[in-house]
Structure formats: structure tokens, C-alpha cells
Amino acid sequence: MQRRLLGRWTAAAGLTASGLCTAARAQRGFPNRPLRLVVPFPAGGGTDVLARALGEGLSRELGQPVIVDNKAGAGTVIGNDAVAKSAPDGHTLLLTTSAIAIVPSLYPKLPYAAETALVPVLLLGVAPNVAVVRAESPLRSASDLLQRLRSEPGRLSYASAGNGTTTHLAAELLKSSTGLSMTHVPYRGATPAITDLLAGQVDLMFGTLPSVAPFIKSGKVRALGVTGAKRSPLFPDVPTFAESGAPGYSADVLYGVFVTGGTPASAIERLGAAVRKASRAEGFQRRAEAEGLVLTLDGAAEALRIQRAEEAKWRQLIKANGIIAE
């Protein structure tokens, strides 16, 4: 009897060891086929160009092709859903922005579980939005804007790239944190917003750095202030709103890489290490600088903590102001 039991235990142990060896070999073999990097924004935009530069670096680091797949629409929900429903094996990634922390409050019935369907690999970094006015505007700085809003509440109008975008929410957070008011004029993208700003249809605009940087450099618009916690290396002379009379205000745009919930920790660690190395490449550094992105390269645990804090911040603002998606 003891011999039979010992034989069974030895056989079971052998099977367990065999399974562990197989799992270990699978982990060592990751990735074993081409990877897909989903971008939930249209091709040609800043995030798309950043993703392509990152994809090149990841391909070198991981030894597999990385295919960038643009799945735009529904405020990034379409792209998010594609990754959320992919196999949890680390071969499908998502490069997105703060939108991932915003959409759960804008879209109450998401096709995926917002809390668990997507998990961070790494937080790439942060970039501010910026408030700009026409060159002939009497407003010269963020301090001027805040003073004008105090003396003439509700008088000024501001343009954004659309309801629920980071540019819209950055302005609404400024209003909320200061108790000041101005009228929102949403557009479908940055281009029509800039067009109407230059035509004098709106008083100012909150835009992403890449969308307004050429107009700042050409002198067609003037940058008043950036929405981030720190000044942007792109425009170091432009102050933050926090240092211009809105203490504590910060509305940075976060950029991060995510995978499907349930992806093995070993794959996430491998991907995180590869992203860090890829981010040091000259091509990626150049694209990050053009995007106004300041690299932080926070790991998965810290990225998740930051994501949850962002979700809470935007949930409170969206609910308090009755903001809805377009």
C-alpha cells in the first residue's frame, strides 16, 4: 500500500514539476508571435505617432514585429474594448491617455469592466494642456485671465476639442477649483477650435501642446498658462496656473501602456522592461518631446495607483458639473 501511495505521489509530483517547467518555458518564450499595439485615436495624431515610435523600439527589444492598430471612436471606448476582449497573454497592448480614467464616468454602460478589464504595464509620463489666446488679445498671462474671470464672471468663452476631452475637463477643473466661470464652446477636434479662435469667435482655447505649438511659435496665438503641475520643457517661459493664482490646480494628461486584465505578471514585467528600454531610443525621445511628454516611467503598481486617483478626480468633476459625452 505504501509503495502504491509513494508511486502515485511521485507520479503526481512529476506531473506538477512537468507543468511548472512547461509554464516556465512559456514565460521564457514570451513573446512568441507579433504583438499588436492598439491606439484608440485616429492615425496621424500625436498619440499615434508616439505609438509608432514606441512600437519600433519594442520590436527591437522583444524580437517580434509590433503592429500599430488604430481603433478610434466613442471617446477611446472602441479601442479599449478591443484590448479588453483580447487574449490575456501580453501580445495585445493599448497606448492611451488620461481618457482611460475619464471614460468610466462619461459612459456608464461600457462594454468592458472598467475596474478589471485593463491593467497598466507602465505609465510613460505626463504632458499639460495649454490655454491660448489670439495674438491681439489684451490677456497676456494666466494671471491676467484669472483676474479677468474674477472681475467679469461668465463673460469670456473658451473653446475645447469637445465635451469630455482632456482640454474640456482641464478648463472645467480650473473653474471648479477657483470658483470662477467662463462659457464652454465645444468643437469636434482642435482644428475647428483653433480656426474659430483666430477668427475671434471665442476668447480663448484650451488645447493640447502639439495642436497649438505651431501657432504659438508662429506668433498667431499667445500661451497664457499650462495646466500641469510643472512648466513644460517645450515652453519653459509659460507659467502654470498653480503659480499664477490657482494654487493646487493640476490637470496633466497621462500617457500609459495597458494590457488585458488577467495577463501574467511575468509578461507585464517583461513588457514594462521593454518599454523602458524603448523609451530611451532617440526616435522615441524626439516624438515624446514634440508631444510635450515628460517621461516618468512609473511601474505597474504605481501606475495603477495614479490611475485610480485620476478616476476619482474626474468622476467627481464630471458628476458635479453634469458633463456628458458628445
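Before reading on, note that the structure itself is shown above.
About the thresholds
By convention here, each chain's residues receive numbers from 1 onward along its written sequence. With the structure being a predicted model, the display of local features is reserved for residues of pLDDT at least 70 and the display and counting of side-chain atom pairs for 80 or more, all residues being used for whole-chain, interface and lining totals. As a convention, hydrogens and water are excluded, and side-chain values are obtained from all of the structure's heavy atoms. Put plainly, a pocket is an open set of points on a 1 Å grid over the protein atoms alone with protein on both sides within 12 Å along at least five of seven lines, a cavity is a set where a 1.4 Å probe fits but cannot get out, and a lining residue has an atom within 4 Å of a point. Grid points are joined across faces, edges and corners, and a volume is the space filled by probe spheres set on the points. The way it works is that DSSP assigns letters per residue, a run of H or I at least four long becomes a helix, a run of E at least two long becomes a strand, and they are numbered from the N terminus. Amino acids outside the nonpolar list (Ala, Val, Leu, Ile, Met, Phe, Trp, Tyr, Cys, Pro) and the charged list (Asp, Glu, Lys, Arg) are all regarded as polar, and Gly is one of them. To define a nonpolar core, start from buried Ala, Val, Leu, Ile, Met, Phe, Trp, Tyr and Cys residues and group those joined through side-chain atoms within 4.5 Å. Any residue under 20% of the maximum accessible area for its type is buried, any over 50% is exposed, and the rest in between are partly exposed; the area is computed with a 1.4 Å probe on protein chains only. The criterion used for residue contact is that any of the two residues' heavy atoms lie within 4.5 Å. The angle between two axes is taken between their N-to-C directions and runs from 0 to 180 degrees, where each axis is a line fitted to C-alpha atoms and a helix contributes only its stretch in contact. Here is the rule for angles: anything less than 35 degrees is roughly parallel, anything more than 145 is roughly antiparallel, 65 through 115 is roughly perpendicular, and the remaining ranges are oblique. The handedness criterion is simple: a crossing whose near helix is rotated anticlockwise from the far helix by less than a right angle is left-handed, and one whose near helix is rotated clockwise is right-handed. Polar contact criterion, stated in full: a pair of N or O atoms within 3.5 Å, where within protein one must be able to donate a hydrogen and the other to accept it, and residues adjacent in sequence count only if both atoms are side-chain atoms. Pairing of aromatic rings covers Phe, Tyr and Trp, the last counted by its six-membered ring, and requires centre-to-centre distances within 6.5 Å; plane angles under 30 degrees mean stacked, over 60 mean edge-to-face, and any other angle means tilted.

Engineer: Just to check I follow, could you spell out empty space enclosed by the protein for this structure?
Structural biologist: Rolled over the atoms, a probe sized like a water molecule indicates the empty space that remains. Summed over all chains, the structure comprises two cavities of 30 Å³ or more. Empty space within the largest cavity amounts to approximately 110 Å³. Taken together, 13 residues form the lining of the largest cavity, with I100, L123, L254, F258 and Q307 sitting closest to its centre. Elements supplying a minimum of two residues to the lining of the largest cavity: α4 (99–106), β4 (118–134), β9 (252–260) and α11 (300–321). The element best represented in the lining of the largest cavity is β9, accounting for four residues. Of the residues that constitute the lining of the largest cavity, the class distribution is eight nonpolar, four polar and one charged. Of the volumes computed, that of the second largest cavity is approximately 50 Å³. Every residue lining the second largest cavity is listed: I100, P104, Y112, A114, L118, Q307 and E311. If you list the elements that add at least two residues to the lining of the second largest cavity, you get α4 and α11.

Engineer: Where do I start with the nonpolar core in this structure?
Structural biologist: Nonpolar side chains tend toward joint burial in soluble globular proteins. By size, the foremost hydrophobic cluster in this structure holds 31 residues, and its most contacted members are L54, L58, L124 and L271. Of all elements in the fold, only β1 (35–39), α2 (46–62), β2 (66–70), β3 (92–96), β4, β9, α9 (265–278) and α10 (282–290) reach the threshold of two or more residues within this core. For L54, the residues in contact, after removing those within four places along its chain, are L95, L124, V257, V275, A278 and F284. Listed in part, the 29 residues of the second largest apolar core include L106, A246, W314 and L317.

Engineer: Got a minute to help me understand the packing of α2 against α9 in this structure?
Structural biologist: Two quantities define a packed helix pair, namely the angle between the helix axes and the distance between the axes. Orientation of α2 relative to α9, taken along the N-to-C sense of each, is 120°, at an axis distance of 8 Å. The angle between α2 and α9 falls in the class oblique. Seen from above, α2 lies across α9 with right-handed handedness. Only R270, L271, A274, V275, K277 and A278 of α9 make contact with α2, whose side of the interface consists of L54, G57, L58, E61 and L62.

Engineer: Just to check I follow, could you spell out the side chain of T263 for this structure?
Structural biologist: Among the structural elements, T263 can be located in the loop between β9 and α9. A distance of 2.6 Å separates a polar side-chain atom of T263 from the backbone oxygen of T260. What T263 contacts, discounting residues up to four positions off in sequence, is P88, D89, G90 and I268.

Engineer: Sorry, what's going on with the packing of aromatic side chains here?
Structural biologist: How two aromatic rings sit relative to each other is set out by the distance from centre to centre and by the angle between their planes. Under the criterion given, the structure shown has three aromatic pairs. When the ring of F206 is compared with that of F241, the centres are 6.2 Å apart and the planes differ by 20°; the resulting orientation is stacked. Linking F206 in strand β7 (residues 204–208) with F241 in the loop between β8 (221–226) and β9, this pair joins segments that are 35 residues apart in sequence. On the basis of an interplanar angle of 85° and a centroid distance of 6.1 Å, the ring pair of F241 and Y249 is categorised as edge-to-face.

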